[in-house]
Every structure is written in structure tokens, then in C-alpha cells.
Amino acid sequence: MTSFLQDKQLTIALTGEIDHHSAKKTMQQIGEKIDLYLPNLCILDFKAVNFMDSSGIAIVINTLRRMREIGGQIKLSNVPPQPLKVLKTAGVERITSIEPREVMI
Amino acid sequence: MKYENYMNLEFPSKSANEAFARAAVASFAAQLDPNLDELGDIKTAVSEAVTNCIVHAYPDEIGTIVLKARILPGNVLDIVIKDKGCGIEDIAKAREPMFSTGGEERSGMGFTIMESFMHEVKVNSQRGKGTTVHMRRRIVRRGDKS
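Bear in mind the structure is a predicted one, so any value in this text is a computation, not a measurement. (Residues numbered from 1 in each chain as written. Chains lettered and ligands numbered in written order. Predicted model: local features only at pLDDT ≥ 70, side-chain atom pairs only at ≥ 80, totals over all residues.)

**Some words on the sheet that holds strand 5 (residues 97-100) of chain A**
Residue and element names in this part refer to chain A. Ordered in space as 1-2-3-4-5, the 5 strands form an open sheet in which the pairing is mixed. If you trace the sheet from one side to the other, it starts and ends with strand 1 (2-6) and strand 5, each paired once. The sheet shows a mean angle of 20 degrees between the axes of neighbouring strands, taken without regard to direction. Pairing analysis gives 5 bridges linking strand 3 (residues 41-52) to strand 4 (residues 73-79), with the strands arranged parallel. Bridging from a neighbouring strand, Cys42 pairs with Ile74 of strand 4. Together, strand 3, strand 4 and strand 5 form the strand contacts of helix 3 (residues 81-89), whose direction differs from that of strand 3 by roughly 115 degrees. (Pairing = 2+ DSSP bridges. Helix = DSSP H or I, 4+ residues; strand = E, 2+ residues; numbered from the N terminus. Axes fitted to C-alpha atoms, helices over the stretch in contact; angles between N-to-C directions. Contact = placed C-beta atoms within 7 Å.)

Written out as C-alpha cells, the structure is:
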């Protein structure tokens, strides 16, 4: 998991397969970054995610909760079709902005 | 029911096996020539069912999970995921969106995802004896795909 901070915007790039096996650690790492940088906006970048199940929904909701606690917002970017479908099934697009990954032609 | 092919797997309820289980079913389903969306749906549903066994059926112990997949006539993938864990107290409640007994790491969307990603989902559970999840998904034949 790589991350960078620019103008109080924290971008966290998630990678690989997000499932229950990996979720706890990812959630912890995101929490630590937010506590460390106290950003205004946390961007979760899904570009390098090649699978996500409902564990990813819990990660997004947890991140949103933490950001709201410090008065910030979150955004999901570059979300590939499979994670997007899982997020939409849970209605996550109603509580945060989701930017799908651009289709490469 | 008459099957065209089948596979049976048995593995312990360790979370590292979530990735293994969905990859194994995806490899088996490949002979039905699914597209990426169909494969994604199947992998997600299997991941949810297996995770339920690991988190809920065997909360404090490592138990056995049995996964059976069959190919039925009509290009149908039939999946059974079975545990001998604690069973579900209230299946109707467990299937409700956003309901979970799993704490903040879980979203309560497992069954909702299985139901929206598969064509048929049946859950059979007996307290103290275990739970069986039976799912079916018909794979659209390549010529019929848009």
C-alpha cells in the first residue's frame, strides 16, 4: 500500500485482492495514515485492485467514518468494474463520490 | 441431477483459503466460457460464502469447509459450500442487507451480494450442526452474449 500527501489531500493506493483475509491490516494502515496526516480529503485509489468482496465495503465505510470524525471527506478513484459492482450493490455511491476507472481502448 | 462435470474440495477455515476457494471455482468455471463480468460475480459470491464460514460458522476454532461445484446441463454452474459450524440463528435476519454480527470489519452485505450476483441462492442451517449455501448461475453462451 503506497500513499502520498499533497495540500492536505491524502491519496492511498490499494493493491491486489481485497478480502476478509487482507481487510483488517488494510483498515489499520489507512487509520494510521489518517491519524498521522489529518487530511481534509482521503482518496482511495482502486486502480491496482483486481478483486474486491464485501470486506472492501467495510473498509470504505470505516474510512468514511474516520474522515467525518475529523471533518474531512473521502473519494474513491479509478474503481475497476468488479469492485464498482460490489460497491454499488451496497449503495456506497449514495454516501461518497465514486470515480470509475477509465476504460482503455 | 445429471451433471456434465464436477469437482469437490475440502479445506480448513483459514482466511488464506478465501483467495484459493474463489480462484479454484473460477478455474473450474472457465470451461463454461464466462466473460469477465460473470467470472467476477462468481468469484465474489464464493468469497462471501467462504468468508461467512470462516467468520461465523467457526468463530473460535478451525473447522472444515467443503466446496462442491458442478456443471449442469444448460450451461449452469452449481456451487455448494458447506460447514459443520455453529449454524445461523435466524436466516431471514442474516440475509438482510447491512445486518452483521461480525463487528466493524464486516459490512453485512455477504448474502445480499450472493443473491444479486447469482441466479439462485438457498441457505439451509441447523443450530449446532452447520450451514449449507447452495448457489446457481447460468453462464450465457458466447454466441448469445452482447
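**Observations concerning the sheet that holds strand 3 (residues 76-83) of chain B**
All names here are of chain B. Strand order in the open sheet formed by 5 strands is 1-2-3-5-4, with antiparallel pairing between adjacent strands. Edge positions in the sheet fall to strand 1 (5-12) and strand 4 (120-126), since each has one partner strand and no second. Adjacent strand axes in the sheet meet at a mean angle of 10 degrees when their direction is disregarded. When strand 3 meets strand 5 (residues 130-138), the two strands line up antiparallel, connected through 8 bridges. The residue bridging Val80 from the neighbouring strand is His134, located in strand 5. Set on the sheet, helix 2 (residues 36-57) makes contact with strand 2 (64-72), strand 3 and strand 5; between it and strand 3 the angle comes to about 10 degrees.

**Observations concerning the packing of helix 2 (residues 55-69) of chain A against helix 3 of chain A**
Any two packed helices are characterised by the angle at which their axes cross and by the distance between the axes. All names here are of chain A. Where helix 2 contacts helix 3, the axes come no closer than 9 Å and their chain directions differ by 70 degrees. Between helix 2 and helix 3, the interaxial angle falls into the category roughly perpendicular. Taken as a pair, helix 2 and helix 3 cross one another with a handedness that is right-handed. Judged by residue contacts, Gly56, Ile57 and Val60 of helix 2 engage Pro83, Val86 and Leu87 from helix 3. Residue composition of the contact of helix 2 with helix 3, grouped by class: 5 nonpolar, 1 polar and no charged. (Parallel < 35°, antiparallel > 145°, perpendicular 65-115°, else oblique. Left-handed = near helix turned anticlockwise from the far one by under 90°. Nonpolar A, V, L, I, M, F, W, Y, C, P; charged D, E, K, R; others polar.)

By themselves, these figures tell us nothing about what the structure is for.
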